[in-house]
Amino acid sequence: MYEETPRVELTPAAADLLRRLRATHGPLMFHQSGGCCDGSAPMCYPEGEFRTGDSDVLLAELRVEGVVEPVTFWMSRSQYEAWSHTRLIVDVVEGRGSGFSLEAPEGVRFLTRSRVVGA
């Protein structure tokens, strides 16, 4: 049976951080815009705190071991048009971002790496 490659995946470090953030903040979501705050870094919020609408695309409902509900991953439609040919890999790097993402107090930030689909 053919299984489609996921559009968004998490590194083990990102999954670990999501488990910690979930324990503190409850259900979570990502939104990646391409706006001013950290460029195109994915921002992590409590689920529903960032309002999505017609200008956003739901790319994935990420399953994280140890987290009951999926972590949704949204992207602005304009950003999606530029990245539609890529697989997104959410990772964690040291350093504070300049946005409002939940991991900022941890001294780390989420970072999206990309790989061309099929590569």
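See above for the structure.
Residues numbered from 1 in each chain as written. Predicted model: local features only at pLDDT ≥ 70, side-chain atom pairs only at ≥ 80, totals over all residues. Heavy atoms only, no water.

Caption draft 1: Structural detail: the nonpolar core. Counting 25 residues, the largest nonpolar core has Val 8, Phe 30, Cys 44, Phe 73 and Phe 110 as the members making the most contacts within it. Elements supplying a minimum of two residues to this core: helix H1 (12-25), strand S2 (28-32), strand S4 (56-62), strand S5 (71-76), strand S6 (86-94) and strand S7 (108-116). Broken down by element, this core gets its largest block of residues, 5 residues, from H1. Once residues lying within four places of it in the same chain are set aside, the contact partners of Phe 73 are Val 8, Phe 30, Gln 32, Pro 42, Val 57, Leu 58, Leu 59, Ala 60, Leu 62, Leu 88 and Val 90. (Core = buried A, V, L, I, M, F, W, Y, C linked by side-chain atoms within 4.5 Å. Buried < 20%, exposed > 50% of the residue type's maximum accessible area, 1.4 Å probe, protein only. Helix = DSSP H or I, 4+ residues; strand = E, 2+ residues; numbered from the N terminus. Contact = heavy atoms within 4.5 Å.)

Caption draft 2: View of the sheet that holds S2. One open sheet holds the 4 strands; their spatial order is S3-S2-S5-S4, and the pairing between them is mixed. Edge positions in the open sheet fall to strand S3 (43-46) and S4, since each of these has one partner strand only. Taking the axes of each pair of neighbouring strands and ignoring which way they run, one obtains an average angle of 25 degrees across the sheet. As paired strands, S2 and S5 are joined by 4 bridges and run parallel to one another. (Pairing = 2+ DSSP bridges. Axes fitted to C-alpha atoms, helices over the stretch in contact; angles between N-to-C directions.)

Caption draft 3: Focus on the packing of aromatic side chains. Counted under the stated rule, the structure contains 3 aromatic pairs. Considering the side-chain rings of Phe 30 and Phe 110, the 4.9 Å spacing of their centres and the 85 degrees angle between planes classify their relative orientation as edge-to-face. On the criterion of sequence distance, the pair formed by Phe 30 in strand S2 and Phe 110 in strand S7 is long-range, its members being 80 residues apart. For the pair Phe 30 and Phe 110, a shared accessibility class is recorded, and that class is buried. Judged by centre distance (5.3 Å) and plane angle (25 degrees), the rings of Tyr 45 and Phe 50 are stacked. Taken together, Phe 30, Phe 73 and Phe 110 form an aromatic cluster joined through their ring pairs. (Phe/Tyr/Trp six-rings, centres within 6.5 Å; stacked < 30°, edge-to-face > 60°.)

Caption draft 4: Broad picture of the pairing of S6. Within S6, 7 of the 9 residues are buried, which leaves the element mostly enclosed by the surrounding structure. Relative to S6, strand S1 (residues 8-10) is paired through 3 bridges, and the arrangement is parallel. Bridged to Leu 10 within S6 is Val 90. Bridge analysis of S6 against S7 gives 9 bridges, and the strand direction is antiparallel. The partner of Glu 94 across the bridge, within S7, is Val 108.

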